[in-house]
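What the coordinates show
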Amino acid sequence: ANPDLPPVGLVTGPSRRRLRLGVTDTSLMGIPVAAVSRQAVTDAALACEELGHHVEPVSPMIDDRFCSDFGRYACLLAFMVRHAGGRMLGVEFHPERLEPLVKGASGVAVRSAWQLPAALRRLRRLAAEGEEVFNRCDVLLVPSTGHETPPIGHLAPDLDADEHLVRLVRFIAGNPVQNISGSPAVSLPLTRTAAGLPIGVELVAPPGQERRLLELAFELESAAPWPHRPKTAGVETKGKALDADVDEGCG
């Protein structure tokens, strides 16, 4: 535990404090987001507004090179697993059994090694620069995924590495930003598709404010328990459904 951060403590209910919610229905990574995921954010923002929170649109300042930089960092991790996994797992590790995604990403790390130092420097700056948005809001509300839950096999382990990476990037939307910045985040299944599958929205808070997220999540679940009263994005929503779809990945 980080002694410089406040303790979370036991959260037994929502806070009386009303929050400033900054809302964006676009991906923090600059990836196209499907209508169903954008609608989920709209519905969540309306729910928070009905609970008395202040909601306003924001545009988080994320470097447009983040997607590529994070990809290079992930490929570096794949390279380390492929070539140093035996040091962690011993004789039980067999690199030839790794999934095509790991093998392919490891190769990318070798080919783009010269770009890695600058990418890592930019990623390190993200933690400080990403906190600027919290000067204007207490919590950030963003899409949790780029599109609805894919069918089984969409991210199969035997999928071609390049295609696997494209599909993965399109789906994860903005979660890697929190992996790098260190800001706490929680994904809540506040909306459902027409087929009944959950669509998550992500709440993000400044570092050390996990309690703030848990209190807000507690309040939202109490107001509309998702296992019992799911909404349906694009079918039974309070906002206007959009008909755009995701057909592009991260360049």
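Residues numbered from 1 in each chain as written. Predicted model: local features only at pLDDT ≥ 70, side-chain atom pairs only at ≥ 80, totals over all residues. Heavy atoms only, no water.

Concerning the overall build of the protein
In terms of regular secondary structure, the protein is built from seven helices and six strands. In the protein, the succession of helices and strands from N to C terminus is β-α-β-α-α-α-β-α-α-β-β-α-β. The 251 residues of the protein split such that 41% are buried. Residue pairs at least 24 apart in sequence account for 79% of intrachain contacts in the protein once pairs closer than 6 positions are excluded. Total accessible area on the protein stands at roughly 13,700 Å², and carbon and sulfur atoms take up 56% of it. (Helix = DSSP H or I, 4+ residues; strand = E, 2+ residues; numbered from the N terminus. Buried < 20%, exposed > 50% of the residue type's maximum accessible area, 1.4 Å probe, protein only. Contact = heavy atoms within 4.5 Å. Areas by Shrake-Rupley, 256 points an atom, 1.4 Å probe, with all protein chains shown as cover.)

Remarks on the packing of helix α2 (residues 66–89) against helix α3 (residues 100–111)
At their nearest, the axes of α2 and α3 sit 7 Å apart, and the two run at 110 degrees to each other. In terms of orientation, α2 and α3 fall into the roughly perpendicular class. The two elements α2 and α3 meet at a crossing, and its hand is left-handed. Residues Cys75, Leu76, Ala78, Phe79, Arg82 and His83 of α2 lie in contact with α3, whose contacting residues are Val102, Lys103, Ala105, Ser106, Val108, Ala109 and Val110. Looking at the contact of α2 with α3 residue by residue, the class counts come to nine nonpolar, two polar and two charged. (Axes fitted to C-alpha atoms, helices over the stretch in contact; angles between N-to-C directions. Parallel < 35°, antiparallel > 145°, perpendicular 65-115°, else oblique. Left-handed = near helix turned anticlockwise from the far one by under 90°. Nonpolar A, V, L, I, M, F, W, Y, C, P; charged D, E, K, R; others polar.)

Points about the confidence of the model for the protein
The predicted model of the protein averages 83 in pLDDT, with 88% of residues at 70 or higher. Every residue in residues 234–251 is under pLDDT 50, and counting partners more than four places away or in other chains gives 39 contacts. (pLDDT = per-residue confidence, 0-100.)

Some details on the nonpolar core
Of all hydrophobic cores here, the largest spans 25 residues; its most connected members are Leu141, Leu203 and Leu220. Counting residues per element, the ones that place at least two in this core are β1 (20–23), α1 (35–50), β3 (139–143), β4 (185–192), β5 (198–204) and α7 (210–223). Once you skip the residues sitting within four places of it in the chain, Leu141 turns out to touch Gly22, Val23, Thr24, Val41, Ala44, Ala45, Val201, Glu202 and Leu203. Formed by 17 residues, the second largest nonpolar core is a distinct cluster that contains Leu28, Met29, Ile31 and Phe66. (Core = buried A, V, L, I, M, F, W, Y, C linked by side-chain atoms within 4.5 Å.)

Topic: the environment of Phe79
Structurally, the position occupied by Phe79 is in helix α2. By relative accessible area, which is 29% here, Phe79 ends up partly exposed. Residues Phe79 and Val108, 29 residues apart in the sequence, show an inter-C-alpha distance of 8.6 Å.

Structural notes on the packing of aromatic side chains
Going through the model one piece at a time under the given rule, you end up with two aromatic pairs. Taking the centre distance of 5.8 Å and the plane angle of 25 degrees together, the rings of Phe66 and Phe70 count as stacked. Residue Phe66 and its partner Phe70 are both found in helix α2; the two are separated by four residues, about one turn of the helix. Note on accessibility: Phe66 and Phe70 belong to one class, buried. (Phe/Tyr/Trp six-rings, centres within 6.5 Å; stacked < 30°, edge-to-face > 60°.)

Structural notes on α7
An α-helix turns once per 3.6 residues; consequently, residues spaced three or four apart project the same way. In this model α7 runs 20 Å from its N-terminal to its C-terminal C-alpha over 14 residues, within 8% of the 20 Å that 1.5 Å per residue would give. Of the positions making up α7, those classed as buried are Arg212, Leu213, Glu215, Leu216, Ala217, Glu219 and Leu220. (Expected span 1.5 Å × (residues − 1).)

Re α1
Over its 16 residues, α1 extends 23 Å from the first C-alpha to the last, a length consistent with the 22 Å expected when each residue adds 1.5 Å. Taken across its 16 residues, α1 has twelve buried, putting it largely inside the fold. Buried within α1 are the following residues: Ala35, Val36, Ser37, Arg38, Gln39, Ala40, Val41, Asp43, Ala44, Ala45, Ala47 and Cys48. Just beyond α1, the residue with positive phi is Gly52, at close to 100 degrees.

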